[in-house]
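# Coordinate inspection notes
What follows is each chain in one-letter form.
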Amino acid sequence: MTYYIIAGERSGDLHGANLIRAIRQHDTEAQVRAWGGEQMEAAGATLVKHYRDLAFMGFWEVAKNLGTIRKLMRACQTDVLAHRPDVLILIDYAGFNLRMAKWAKKHGIRVFYYISPKVWAWNQRRALAIKATVDRLFVILPFEKTFFRTYDYEVEYVGNPLLDALVNHQPAPNVVARLKQVDKPLVALLPGSRRQEIVSMLPVMLETTRQFPDYRFVVGTVSNLPNELYDQLLADYPLVERVADAAYDLLSAATAALVTSGTATLETALLNVPQVVCYRTSWLSYAIASQVIAVPYISLVNLIVDRPLVTELIQNDLTPQRVGAELTMVLPGGARRADVLAGYVDLHERMGSPGASERAGASMVATLRQLMNS
């Protein structure tokens, strides 16, 4: 059978790669075409477009780039029609993929959605649009099944693929050895995978490091962005190190972390690293978001445990002084460290066991065969 997968972000590339491997276990002749990244390509997909060309963050940033986004969408639609897959599989990336779902429905193309758009966060009635255009929705957060049931839409909870990624991760011996070679305890800086995130968050994280001479700081960089970007931002911080595409190895060596809001907050928690969550966007994007967001937290960690377990420093609260104060509280001996680690136990219990990719892949293949034979 033929599959066309669209992932618009680095995390989607990771989950898409694991999903492709699971699909191939149950459909050995699967042919996969994709918009994604290196990991999906390595898993066997024919890569059409890299996610770096799709990474627009925030309401204002999306608005500024609407022309580019429309052009990309038309190109994607043309390619999907040219190859006419048995199913279009969408991974997160709501702004682009919800429109693709609606378009695919009109053209008689089956749609599966893996990793639901965060419709529970704002404009919750978008759940009805998903119900109308998506043939099968596979969710990865414990509370999503209950949320969609309020819209009379039964979805399948498969667990969370981050658990699979952690189980399958193979440490890089040279990276691990380098991270553990200094006696000072290590703090990880994870500023994100998009240029806008890094330019906005990393300077604050770096300025915070000056307050902690007894700690070693290492930035988790990504290879899909140019080294020159990091060179420029790190120029005044010669003691701050960096490691590329090795977030799990970095976190495994870390005693605490400063993390840009996103999937990385959940990864950090699942690796039991106390953290401070950082987030800042343009003033216009923030003004819009503050009016429409329907949930009390921005980090997945707090949303899953349904309480403010990890500190979130947002917009004007994101200053080196505040970050330093909150980091102090989660470092060894800090006032909040034990509470955060205890809360992570609760998080693990709510998340369940690994196997999300396998369950999703098996279910997708079985469902697709059933639909094709009906």
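Our structure is the block above this text.
To keep things clear, this report deals only with the structure shown in the data block. (Residues numbered from 1 in each chain as written. Predicted model: local features only at pLDDT ≥ 70, side-chain atom pairs only at ≥ 80, totals over all residues. Heavy atoms only, no water.)

### Description of the pattern of salt bridges
This is how the line gets drawn: Whenever Lys or Arg places a side-chain nitrogen within 4 Å of a carboxyl oxygen from Asp or Glu, that contact is recorded as a salt bridge. Each helix is a run of DSSP H or I of at least 4 residues and each strand a run of E of at least 2, with the numbering of both proceeding from the N terminus. Only protein chains enter the calculation, and the probe is 1.4 Å; a residue is then buried if its accessible area is under 20% of its type maximum, exposed if over 50%, and partly exposed in between.
Taken as a whole, this structure holds 14 salt bridges when the rule is applied. Between D231 and R242 there is a salt bridge, and its shortest N-O distance comes to 2.8 Å. On the criterion of sequence distance, the pair formed by D231 in helix 11 (residues 227-234) and R242 in strand 10 (residues 241-244) is long-range, its members being 11 residues apart. Since its relative accessible area comes to 27%, R242 is described here as partly exposed.

### Structural notes on the packing of aromatic side chains
One pair of aromatic rings is described through two measures. These are the centre distance and the angle between the planes. The line we're drawing: Two rings from Phe, Tyr or Trp (for Trp, the six-membered ring) form a pair when their centres sit within 6.5 Å of each other. Planes less than 30 degrees apart are called stacked, planes more than 60 degrees apart edge-to-face, and all others tilted.
Taken as a whole and judged by the stated rule, the model has 9 aromatic pairs. For the pair F212 and F217, a centre-to-centre distance of 6.2 Å together with 55° between the ring planes defines the contact as tilted. Across the pair, F217 and F212 agree in class, each one buried. Among the aromatic side chains, those forming a connected cluster through ring pairs are F147, F148, Y151 and Y153.

### Structural notes on the sheet that holds strand 3 (residues 46-50)
Backbone-to-backbone hydrogen bonds join strands into a sheet, with any given pair of strands oriented parallel or antiparallel. Rules: Strands were regarded as paired on the criterion that DSSP finds at least two bridges between them.
One open sheet holds the 7 strands; their spatial order is 3-2-1-4-5-6-7, and the pairing between them is parallel. Only two strands of the sheet have a single neighbouring strand rather than two, namely strand 3 and strand 7 (156-157). Taken together, the 3 bridges between strand 5 (residues 111-114) and strand 6 (residues 136-139) define a ladder with parallel strand orientation. Directly across from Y113, in strand 6, lies its bridge partner L137.

### Some words on the packing of helix 10 (residues 195-209) against helix 16 (residues 320-330)
Condition: Between N-to-C directions, angles cover 0 to 180 degrees, with each direction set by a line fitted to C-alpha atoms, over the stretch in contact for helices. To sort the angles, those under 35 degrees are grouped as roughly parallel, those over 145 as roughly antiparallel, those from 65 to 115 as roughly perpendicular, and the leftovers as oblique. In this scheme, a crossing is called left-handed if the near helix is turned counterclockwise away from the far one by less than a right angle; it is called right-handed if the turn is clockwise. Contacts are assigned to residue pairs that have any heavy atoms within 4.5 Å of one another. Three residue categories are used. Nonpolar comprises Ala, Val, Leu, Ile, Met, Phe, Trp, Tyr, Cys and Pro, charged comprises Asp, Glu, Lys and Arg, and polar comprises the others, including Gly.
Running from N to C, helix 10 and helix 16 cross one another at 60°; their axes reach a closest spacing of 9 Å. Relative to helix 16, the element helix 10 is oriented oblique. Regarding helix 10 and helix 16, the two cross each other, and that crossing is right-handed. For the pair helix 10 and helix 16, contact is made by V204, E207 and T208 and by P320, V323 and G324, respectively. Its residues placed into classes, the contact of helix 10 with helix 16 shows 3 nonpolar, 2 polar and 1 charged.

### Quick notes on the environment of F143
One can find F143 in the loop between strand 6 and helix 7 (144-149). When the C-alpha atoms of F143 and T2 are compared, they prove to be 31 Å apart, with 141 residues separating the residues in sequence. Beyond its immediate sequence surroundings of up to four residues, F143 is in contact with W120, L303 and I304.

### Points about the pairing of strand 11 (residues 256-260)
The cut-off we apply is this: Orient the strands so they point away from the viewer; a crossover is then right-handed if the path from the first strand over the helix to the second runs clockwise.
With respect to burial, strand 11 is a largely interior element, 5 of its 5 residues being buried. Note that strand 8 (residues 186-190) and strand 11 share 4 bridges and pair parallel. Paired with A188 across the bridge in strand 11 is A257. One ladder, built from 4 bridges, connects strand 11 with strand 12 (residues 275-279); its direction is parallel. From the neighbouring strand, A257 faces strand 12, where its bridge partner is Q275. As for the winding sense of the linkage, the β-α-β connection from strand 11 through helix 13 (residues 263-270) to strand 12 is right-handed.

### A look at unusual backbone geometry
Its identity is not glycine, yet D92 carries a phi of approximately 50°, on the positive side. By the secondary structure assignment, D92 is in the loop between strand 4 (87-91) and helix 5 (94-106). Judged by relative accessible area, which is 14%, D92 ranks as buried. For N272, which is not glycine, the phi dihedral falls at a positive 60°. Turning to its location among the elements, N272 is positioned in the loop between helix 13 and strand 12. With relative accessibility at 40%, the residue N272 sits in the partly exposed group.

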